[in-house]
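Fold and contact review
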Amino acid sequence: MPSDIMRKRKVNLKSLLQETLGSDPVFRERFRAAKAVSPVEGYGLPLGSRSRRLSGQRWMLVGDAAFLIDPFTGEGIGNAIYSGGIAAKQAAECLRSGDFSAETMLAYDASIQRVLGAELRLSTKLQKLVRYPRLFNLLMKAGTRNKQLRDVISSMFYEVDLRKKLTKPSFYIKLLLNR
Ligand SMILES: Cc1cc2nc3c(=O)[nH]c(=O)nc-3n(C[C@H](O)[C@H](O)[C@H](O)COP(=O)(O)OP(=O)(O)OC[C@H]3O[C@@H](n4cnc5c(N)ncnc54)[C@H](O)[C@@H]3O)c2cc1C
């Protein structure tokens, strides 16, 4: 759930965690003998929901520092590795030319956009879908009834082409018609 919605609905994730551990039959059993060894800490993930400047004179940001976590799946390891590779190539080019200017570094920002931009934009659209709980709940309810749809939803977390379907109205029309 996006953080602005959580704030609006006054959702306290720390209390929700304690409640779930105490009330959910599966979690209660799983954590029956567990002891808290430290207070619960939580931080927001640096999601790539909007594009930012990722470099300047003699510097580049990679991975979480560059806000490259996929807003739909919450995954950031892959993009951290991609951005590290792209930054390494840019650094090699700068060393070769002796040019570390902010202007030259813009090539790094452009490469990140070319490689990761489309996927991050698509995932941002999907993240916004959660703001329409009726639509989202409809999708999830239909998924619990229909194995084929359930498999499609699961695959969307790792297959970008399938994820694109979620942004198309025809997907929901077919869903309503149960096709
Ligand atoms: C609870 C949780 C679950 C997640 N699950 C997944 C998942 O299933 N799949 C997935 O793809 N992603 C997942 N992520 C996101 C993923 O962990 C990050 O996107 C990814 O690790 C980012 O890599 P990074 O190298 O940019 O940063 P990090 O992995 O955070 O690495 C940064 C490193 O720099 C070190 N450091 C910080 N400051 C300094 C300093 N001043 N000097 C020296 N070292 C310093 C830190 O100790 C750390 O080791 C999850 C994140 C969280 C919080």
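Residues numbered from 1 in each chain as written. Predicted model: local features only at pLDDT ≥ 70, side-chain atom pairs only at ≥ 80, totals over all residues. Heavy atoms only, no water.

**Describing the site of the ligand**
Near the ligand, the surroundings consist of L45, G63, D64, I69, G74, E75, G76, I77 and A80. One nitrogen or oxygen atom from the side chain of D64 is found 2.7 Å from an oxygen atom belonging to the ligand. Between the ligand and the protein, one listed contact pairs a nitrogen atom with a backbone N or O atom of G76 at 3.0 Å. Computed on the free molecule, the ligand has an accessible area of 1000 Å², of which 28% lies beneath the protein chains in the complex. A per-class count over the shell around the ligand returns four nonpolar, three polar and two charged. (Near = heavy atom within 4 Å. Polar contact = N/O pair within 3.5 Å; in protein donor to acceptor, adjacent residues only side chain to side chain. Areas by Shrake-Rupley, 256 points an atom, 1.4 Å probe, with all protein chains shown as cover. Nonpolar A, V, L, I, M, F, W, Y, C, P; charged D, E, K, R; others polar.)

**A closer look at the packing of helix 4 (residues 77–97) against helix 5 (residues 102–129)**
Helix 5 packs onto helix 4 with a crossing angle of 155° between their chain directions and a minimal axis gap of 10 Å. Taken together, the axis directions place helix 4 and helix 5 in an arrangement best described as roughly antiparallel. When you trace helix 4 past helix 5, the crossing you get is right-handed. Where helix 4 approaches helix 5, its residues N79, Y82, S83, I86, A87, Q90 and C94 are matched on the opposing element by T104, M105, A107, Y108, S111, I112, V115, L116 and L120. Split into classes, the residues belonging to the contact of helix 4 with helix 5 amount to 11 nonpolar, five polar and no charged. (Axes fitted to C-alpha atoms, helices over the stretch in contact; angles between N-to-C directions. Helix = DSSP H or I, 4+ residues; strand = E, 2+ residues; numbered from the N terminus. Parallel < 35°, antiparallel > 145°, perpendicular 65-115°, else oblique. Left-handed = near helix turned anticlockwise from the far one by under 90°. Contact = heavy atoms within 4.5 Å.)

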